[in-house]
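Observations on chain architecture
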Amino acid sequence: MLTRRVVGVVPVRNGVAVQSIGFRRYLPLGRPEIAVSYLDRWGIDEIVLADISASREGRGPDYAMVQRVASECHVPLTVAGGITEAAQIGDLLSQGADKVAVNKAVWTKPDLLTEGAHLFGSQCIVASIDAVAGPTGDSRVFNYLSNGTTEVAPVALAQRCVDLGAGEVLLNSVDRDGSYAGFDIDLIDRVAQSVTVPVIAIGGAGRPSHFEDAFAATGASALGAGNFFHFWEHSVTIVKAMIGAPAHIRRETAFNYDRLQSDPSGRLSKKDDADLEQMLYVRVEKEII
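Just so it is clear, the structure is predicted and the values come from calculations on it, not from any experiment. (Residues numbered from 1 in each chain as written. Predicted model: local features only at pLDDT ≥ 70, side-chain atom pairs only at ≥ 80, totals over all residues. Heavy atoms only, no water.)

1. Regarding the packing of aromatic side chains
Enumeration over the complete set of coordinates arrives at five aromatic pairs. Ring centres of Y38 and W42 lie 5.5 Å apart, and the angle between their planes is 20°; this geometry places the pair in the stacked category. Look at Y38 and you get partly exposed, because its relative accessible area is 42%. With a centroid separation of 6.2 Å and 40° between ring planes, the pair formed by F211 and F228 is classed as tilted. Placement of F211 in helix α8 (residues 208–217) and of F228 in helix α9 (residues 227–230) is noted, with a sequence separation of 17 residues between them. (Phe/Tyr/Trp six-rings, centres within 6.5 Å; stacked < 30°, edge-to-face > 60°. Buried < 20%, exposed > 50% of the residue type's maximum accessible area, 1.4 Å probe, protein only. Helix = DSSP H or I, 4+ residues; strand = E, 2+ residues; numbered from the N terminus.)

2. Some details on the pattern of salt bridges
Considering all chains together, one arrives at 12 salt bridges under this definition. Between R59 and E57 there is a salt bridge whose closest N-O contact spans 2.7 Å. Residue E57 is classed as partly exposed on the basis of its relative accessible area, which comes to 44%. Notably, a salt bridge pairs K99 with E168, separated by 2.7 Å at the nearest N-O pair. Taken as a pair, K99 in strand β6 (residues 99–102) and E168 in strand β10 (residues 168–173) lie far apart in primary sequence, 69 residues in all. Take K99 and E168: they sit in the same class, and that class is buried. The structure contains a network of salt bridges with shared partners spanning R5, E46, K99 and E168. (Salt bridge = Lys/Arg side-chain N within 4 Å of Asp/Glu carboxyl O.)

3. Observations regarding the nonpolar core
The biggest cluster of nonpolar side chains holds 66 residues, and the ones touching the most others in it are V10, I47, F211, L223 and F229. Ignoring sequence-local partners within four residues, the contact set of V10 consists of A17, A35, V36, L39, I47, V48, L49, A50 and H230. Counting residues in each nonpolar core, the second largest holds 11 residues, with V7, A101, V126 and I200 among its members. (Core = buried A, V, L, I, M, F, W, Y, C linked by side-chain atoms within 4.5 Å. Contact = heavy atoms within 4.5 Å.)

4. Quick word on helix α3 (residues 86–94)
Regarding α3, the residues found buried are A86, Q88, I89, G90 and L92. Tucked into the core, α3 has its buried residues touching α2 (63–71), β5 (77–80), β6, α5 (111–120) and β7 (125–133).

5. A closer look at unusual backbone geometry
With a phi angle near 55°, N14 is a residue other than glycine that sits in the positive phi range. The topology assignment puts N14 in the loop between β1 (5–13) and β2 (16–21). Located in the positive-phi region is Y180, a residue other than glycine, with phi close to 60°. Structurally, Y180 is set in the loop between β10 and α7 (185–194).

6. Examining the side chain of T78
Here T78 lies in strand β5. Setting aside residues up to four positions removed in sequence, T78 forms contacts with E46, I47, V48, L49, K99, V100, A101 and V126.

7. Here's the deal with the packing of α8 against helix α10 (residues 235–243)
Relative orientation of the contacting elements α8 and α10 amounts to 45°, with a least axis distance of 8 Å. Classified by the interaxial angle, the pair formed by α8 and α10 is oblique. Here α8 and α10 pass one another in a crossing that is right-handed. On α10, the residues that touch P208, F211, E212 and F215 of α8 are I238, V239, M242 and I243. Residues of the contact of α8 with α10, tallied by class, amount to seven nonpolar, no polar and one charged. (Axes fitted to C-alpha atoms, helices over the stretch in contact; angles between N-to-C directions. Parallel < 35°, antiparallel > 145°, perpendicular 65-115°, else oblique. Left-handed = near helix turned anticlockwise from the far one by under 90°. Nonpolar A, V, L, I, M, F, W, Y, C, P; charged D, E, K, R; others polar.)

8. Some words on a nonpolar patch on the surface
A contiguous nonpolar patch, built from L29, Y180 and F231 and spanning about 260 Å² of accessible area, is present on the exposed surface. Inspection of the secondary structure assignment puts F231 in the loop between α9 and α10. F231 sits in the partly exposed class, given a relative accessible area of 46%. (Patch = residues over 30% accessible without salt bridge, like charges linked within 9 Å, V, L, I, M, F, W, Y side chains within 5 Å. Areas by Shrake-Rupley, 256 points an atom, 1.4 Å probe, with all protein chains shown as cover.)

9. Re the side chain of Q88
Within the element layout of this structure, Q88 appears in helix α3. One polar contact links the side chain of Q88 to the main-chain amide nitrogen of E85, over a distance of 3.0 Å. For Q88, the residues in contact, after removing those within four places along its chain, are G60, P61, Y63, G82 and I83. (Polar contact = N/O pair within 3.5 Å; in protein donor to acceptor, adjacent residues only side chain to side chain.)

10. Considering empty space enclosed by the protein
Enumeration over the complete set of coordinates arrives at two cavities of 30 Å³ or more. Roughly 630 Å³ of internal volume is contained in the largest cavity. Along its surface, the largest cavity is lined by 40 residues, and F23, A50, I52, D130 and N172 are the ones closest to its centre. For the lining of the largest cavity, the secondary structure elements donating two or more residues are β1, β4 (46–51), β6, α4 (104–108), β7, β10, β12 (222–225) and α9. The leading source of residues in the lining of the largest cavity is β4, at three residues. A breakdown of the residues in the lining of the largest cavity according to their chemical character gives 19 nonpolar, 15 polar and six charged. Looking at the second largest cavity, its volume works out to about 40 Å³. The element that contributes the greatest number of residues to the lining of the second largest cavity is β7, accounting for three residues. (1 Å grid on protein atoms, 1.4 Å probe; cavity = no way out; pocket = protein on both sides within 12 Å on 5 of 7 lines; lining within 4 Å. Points joined across faces, edges and corners; volume = space filled by probe spheres on them.)

Worth remembering: the numbers are spatial, not functional.
This is the structure:
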């Protein structure tokens, strides 16, 4: 079984890393490279950097930002935002991206998936799909540029993207975005079971148990979060500690996860007094010869 991944998501709006809430509200976090640097140091497996302003503003990728972020990132980096040409994919890869994710181009220029896969390999091409609950409870693809719901089912679009050449699917639940209510397990599993490529699912993570539940109940290859990881310093480590071996995730070899103590919300708990006593600095007198 392939190792499953825990992914950090960094949305960027007008050059600033933000917290996204329902694709409608955005709270500033700071410089993207700083947010990425923290995630990288905390043991994240992969990072998605999404410039959510690029397509809305009708511009291409921010190569300078990608270069700054890549210099702070030592894990696979997926870049999204403003990609409309195959040449831009090559430029992003040369600036340090490992993969690119396309959303708008899935609708306006689907051949870009095929061309990108042919030139750079399907492992570099990620189809980004935003989904919302439909009026009858089923899911529909969301168009973030028009803030409207389409009549297309996420499963159908995911299958089409894979047929066109996408080597991975990034599935985002708009309803769960910033809600901390947990992943949309039914949506994730339906999409993951319908395609032969890895699926990264994001949207709704609010505590470590949400990752544990979604890994156990779905075929997702990776689960990601933005808001949850950006506000707790030890959140990545705690998630990996609480998920445990059954999910078959990667763990840092230099860290002892078994000694980590946290509450259900994912906040680090105070260690027992006995453990703290053992951690006290012990002075060793200089030897005199």
